[in-house]
Amino acid sequence: MLKKTSNQPLKRLVLTAALSASLVIGAGAQTTPTTATATAATTATAVARIDGQPITSDELNEMTNRVFQAQFAQLLPLMAQLPPEQINQFRQQARVQALQQLITVRLIRQFVDSSNVKATEEEVAAMKSELQEQITNAGLTYEDYLARSGKTDASLTEEIEQALTMEKLLEQRVGPLKPTEEEQKAFYEENIDQMNQP
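Predicted, not measured: the structure shown is a model, and the values here were computed from it. (Residues numbered from 1 in each chain as written. Predicted model: local features only at pLDDT ≥ 70, side-chain atom pairs only at ≥ 80, totals over all residues. Heavy atoms only, no water.)

Regarding the packing of helix α4 (residues 121–137) against helix α6 (residues 153–174)
- Direction vectors running N to C along α4 and α6 enclose 115 degrees, while the axes themselves pass 9 Å from each other. Once α4 is placed against α6, the crossing between them reads as right-handed. In this structure, α4 uses Glu 123, Val 124, Met 127, Lys 128 and Leu 131 to contact α6, whose residues at the interface are Asp 153, Leu 156, Thr 157, Ile 160, Glu 161, Leu 164 and Lys 168.
- A per-class count over the contact of α4 with α6 returns six nonpolar, one polar and five charged. (Axes fitted to C-alpha atoms, helices over the stretch in contact; angles between N-to-C directions. Helix = DSSP H or I, 4+ residues; strand = E, 2+ residues; numbered from the N terminus. Left-handed = near helix turned anticlockwise from the far one by under 90°. Contact = heavy atoms within 4.5 Å. Nonpolar A, V, L, I, M, F, W, Y, C, P; charged D, E, K, R; others polar.)

Quick word on helix α3 (residues 84–113)
- Under the 1.5 Å per step criterion, the end-to-end length of α3 is 42 Å for 30 residues, consistent within 8% with the ideal 44 Å.
- Listing the buried residues of α3 in full gives Phe 90, Ala 94, Ala 98, Leu 102, Ile 103, Arg 106, Leu 107, Ile 108, Phe 111 and Val 112. (Expected span 1.5 Å × (residues − 1). Buried < 20%, exposed > 50% of the residue type's maximum accessible area, 1.4 Å probe, protein only.)

Considering unusual backbone geometry
- In the Ramachandran plot, Asp 51 falls in the positive-phi region, its phi being about 50 degrees despite a non-glycine side chain.
- One can find Asp 51 in the loop between β2 (46–50) and β3 (53–56).

Quick notes on the side chain of Ser 149
- Inspection of the secondary structure assignment puts Ser 149 in helix α5 (residues 142–149).
- Look at Ser 149 and you get buried, because its relative accessible area is 18%.
- Those residues in contact with Ser 149, other than ones at most four positions away along the chain, are Arg 66 and Ala 70.

What to know about the packing of aromatic side chains
- Applying the stated criterion to the full structure yields zero aromatic pairs.
- The ring of Phe 68 has Arg 91 lying over it, and the distance from NZ or CZ to the ring centre is 4.5 Å. (Phe/Tyr/Trp six-rings, centres within 6.5 Å; stacked < 30°, edge-to-face > 60°. Lys NZ or Arg CZ within 6 Å of the ring centre and 35° of its normal.)

Considering the pairing of β2
- Bridging between β2 and β3 involves four bridges; their strand directions are antiparallel. Paired with Arg 49 across the strands is Pro 54, a residue of β3.
- The hairpin turn running from β2 into β3, its antiparallel successor, is two residues long, and Asp 51 in that turn takes a positive phi close to 50 degrees. (Pairing = 2+ DSSP bridges.)

Here's the deal with the nonpolar core
- In this structure, Ile 55 and Phe 68 are the most contacted members of the largest nonpolar core, which totals 15 residues.
- Secondary structure elements with two or more residues in this core: β2, α2 (57–72) and α3.
- In terms of residue count, α3 provides more of this core than any other element does, six residues in total.
- Phe 68 has contacts with Ala 73, Leu 76, Met 79, Ile 87, Phe 90, Arg 91 and Ala 94, leaving out every residue within four places of it along the chain.
- Core analysis: the second largest hydrophobic core is formed by 11 residues, Ile 135, Tyr 145, Leu 146 and Ile 160 among them. (Core = buried A, V, L, I, M, F, W, Y, C linked by side-chain atoms within 4.5 Å.)

Here we look at the pattern of salt bridges
- On inspection of all chains with the given rule, the structure shows eight salt bridges.
- Note that Arg 66 is salt-bridged to Glu 62, the shortest N-O span being 3.5 Å. Within this pair, Arg 66 and its partner Glu 62 are both found in helix α2, separated by four residues, close to a single helical turn.
- Look at Glu 62 and you get partly exposed, because its relative accessible area is 47%.
- Here Glu 159 and Lys 151 are joined by a salt bridge, their closest N and O atoms 3.0 Å apart.
- Overall, the relative accessible area of 31% leaves Glu 159 in the partly exposed class. (Salt bridge = Lys/Arg side-chain N within 4 Å of Asp/Glu carboxyl O.)

A few points about α2
- Here α2 is 16 residues long and its end C-alpha atoms lie 21 Å apart, about the 22 Å a rise of 1.5 Å per residue gives.
- Taken together, the buried positions of α2 are Ser 57, Leu 60, Met 63, Thr 64, Val 67, Phe 68 and Phe 72. One side of α2 holds all its buried residues, which, seen down the axis, span an arc of 140 degrees.
- In this structure, the buried side of α2 is in contact with β2, β3 and α3. (Arc of directions from axis to C-beta.)

This is how it looks when you write it as structure tokens:
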């Protein structure tokens, strides 16, 4: 049996988010075409609409700042030395990614809300505890992690709840996401050479 890696909670969040985005977009394309459509808004404060629900410029600006901080945090000390055009290019990249994230989150939220599946408070607390342990083992404080990732405690908790809920929904649709012990052994035996490398 393979050992659980120290970054298992983070991997589960990333995997679940990636799978759920494709499932939601695929499901939206099959069942309700307007779900996956973002149109330019006619009002000044809405930058896009998902099934009539606006994504506001305030939401986009907040997410853009979070994405910019998370992706370009290493460059912040050097920003004063960079030409303004390059900084604007970085910010524009962050804005595009932020809008994509907001649309994906909105679609996932609609999909989750339309189902009867929900992660329990206990499951969310357990995953959050695992993640906090992982953060501590990496030599960071929880607050440092939140600052570096551009998240708040509430947004991280919501993200964990959505990821766990999506994991449950995916398991209902495609079967268990966790490999069986036999699958783990087979994978290990097929990749034994790679397992022994540092």
